[in-house]
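Take a look at the letters that make up each chain.
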Amino acid sequence: MPSPTPAPQNIPSSNPLPPSGRTIEDLRAEIRGRLIRPELNRGQVGIKIVSLNSGNVVFEQNSEKYFMPASNMKNFTVAAALEKLTPDYRFVTSVFASSLPDASGTIKGDLRIYGRGDVSISTAFNALNASNVDPLTEKTDPDKIYFKGIDKLVDKIIAAGVKQVDGSIVGDDSYFKGYAIPEGWEWDDLQSYFGAEVSALPVNDNAVDLSVTPGPVGYSCSVKLSPYNPIYRIKNSCITTAAGSPRTLRVHKVLGQNLLEISGTLPIGNGGFKNSIAVTRPAELFAALVRQRLVERGVAVT
């Protein structure tokens, strides 16, 4: 059979022109006009535009100056990941043991969870999943949200015939190299979710949700940490005071530890504190949650 006629290819031009017959100089003039607008007077802007076809510089201004990257840096990070990994890339989290479960379903030795950076084991992914919603109340079930990613892994472990682990659940995050806290991060950001450590075994964005609300007057404030876990410790000396009294609530995460110190006062009627707090050593939390959910499903972990 004759070979099919090849589809026409777009041959890149060495000097591509902007659409609608405009010239490169027209584009440069428009960019300059935008950069001299009054709302940018107090800011600093650095630009460098290079043609992907020819490599020629189309426009640049302050391109050699240093700038503090902000949230828009994630756009370049995601673009680089898509180009390097491709949109079809799938993260893999593996479970290793020294041997398969025996006839009684027992693993002799540790169960090692080897992570490769799967960020989908996260509340950010699962909170929007329709299966988490109660059709009668239209409210989400917190347990399903916080544990959904972990439970998928636990389901696969049980499906492999595991009924008992005569060892530990080990979280292995050695796949990523380098520092968990990149150089240049400010120490007072490390308490918050946006200052969470980098880990090859991430869980729920490497953060826990903290809620502090008033209790009865004269008693401790009510503190709730989600998901419930044995890793995070809370030292709560916050006292509930009468309505209208000053709020002096202070929430402090001790650097390098999963320890929260909650102090001060919180008046009745006050909205309290609700935010996400960073986790130190996320792989430790990951392993603890896997163990917790295995035990709840009837798998003994010695």
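Source: prediction; values computed, not measured.

### A few points about the environment of Pro202
Item 1. Secondary-structure assignment places Pro202 in the loop between β7 (169–172) and β8 (207–213).
Item 2. On a C-alpha basis, the gap between Pro202 and Asp118 in space is 6.8 Å, while along the polypeptide they are 84 residues apart.

### Looking at the sheet that holds strand β6 (residues 164–166)
Item 1. Ordered in space as β4-β6-β16, the 3 strands form an open sheet in which the pairing is parallel. Single-partner strands in this sheet number two, and they are β4 (106–108) and β16 (300–301).

### Notes on the packing of aromatic side chains
Item 1. The final tally for this structure, using the stated rule, is 5 aromatic pairs.
Item 2. Measuring from ring centre to ring centre gives 5.2 Å for Tyr89 and Phe91, while their planes differ by 90°; the resulting arrangement is edge-to-face.
Item 3. Exposure remark for Phe91: the relative accessible area of 36% places this residue in the partly exposed category.
Item 4. Considering the side-chain rings of Phe96 and Tyr114, the 6.2 Å spacing of their centres and the 65° angle between planes classify their relative orientation as edge-to-face.

### Some thoughts on a nonpolar patch on the surface
Item 1. A surface patch of nonpolar side chains, amounting to about 870 Å² of accessible area, comprises Leu85, Tyr89, Phe91, Val119, Phe125, Tyr175, Phe176, Ile181, Trp185 and Val198.
Item 2. A residue is classified by how much of its surface remains accessible, and Trp185, at 38% relative accessible area, is partly exposed.

### A few points about the environment of Phe147
Item 1. Here Phe147 shows up in helix α4 (residues 142–159).
Item 2. Non-local contacts of Phe147, meaning those with residues more than four positions away in its chain, are made with Pro227, Tyr228, Leu289, Gln292 and Arg293.

### Observations concerning the confidence of the model for the protein
Item 1. With 88% of its residues at a pLDDT of 70 or more, the protein shows a mean pLDDT of 88.
Item 2. Counting interchain partners and residues more than four positions distant, the pLDDT-below-50 stretch residues 1–15 has 5 contacts.

Rules used in this analysis
- Residues numbered from 1 in each chain as written.
- Predicted model: local features only at pLDDT ≥ 70, side-chain atom pairs only at ≥ 80, totals over all residues.
- Heavy atoms only, no water.
- Helix = DSSP H or I, 4+ residues; strand = E, 2+ residues; numbered from the N terminus.
- Pairing = 2+ DSSP bridges.
- Phe/Tyr/Trp six-rings, centres within 6.5 Å; stacked < 30°, edge-to-face > 60°.
- Buried < 20%, exposed > 50% of the residue type's maximum accessible area, 1.4 Å probe, protein only.
- Patch = residues over 30% accessible without salt bridge, like charges linked within 9 Å, V, L, I, M, F, W, Y side chains within 5 Å.
- Areas by Shrake-Rupley, 256 points an atom, 1.4 Å probe, with all protein chains shown as cover.
- Salt bridge = Lys/Arg side-chain N within 4 Å of Asp/Glu carboxyl O.
- Contact = heavy atoms within 4.5 Å.
- pLDDT = per-residue confidence, 0-100.

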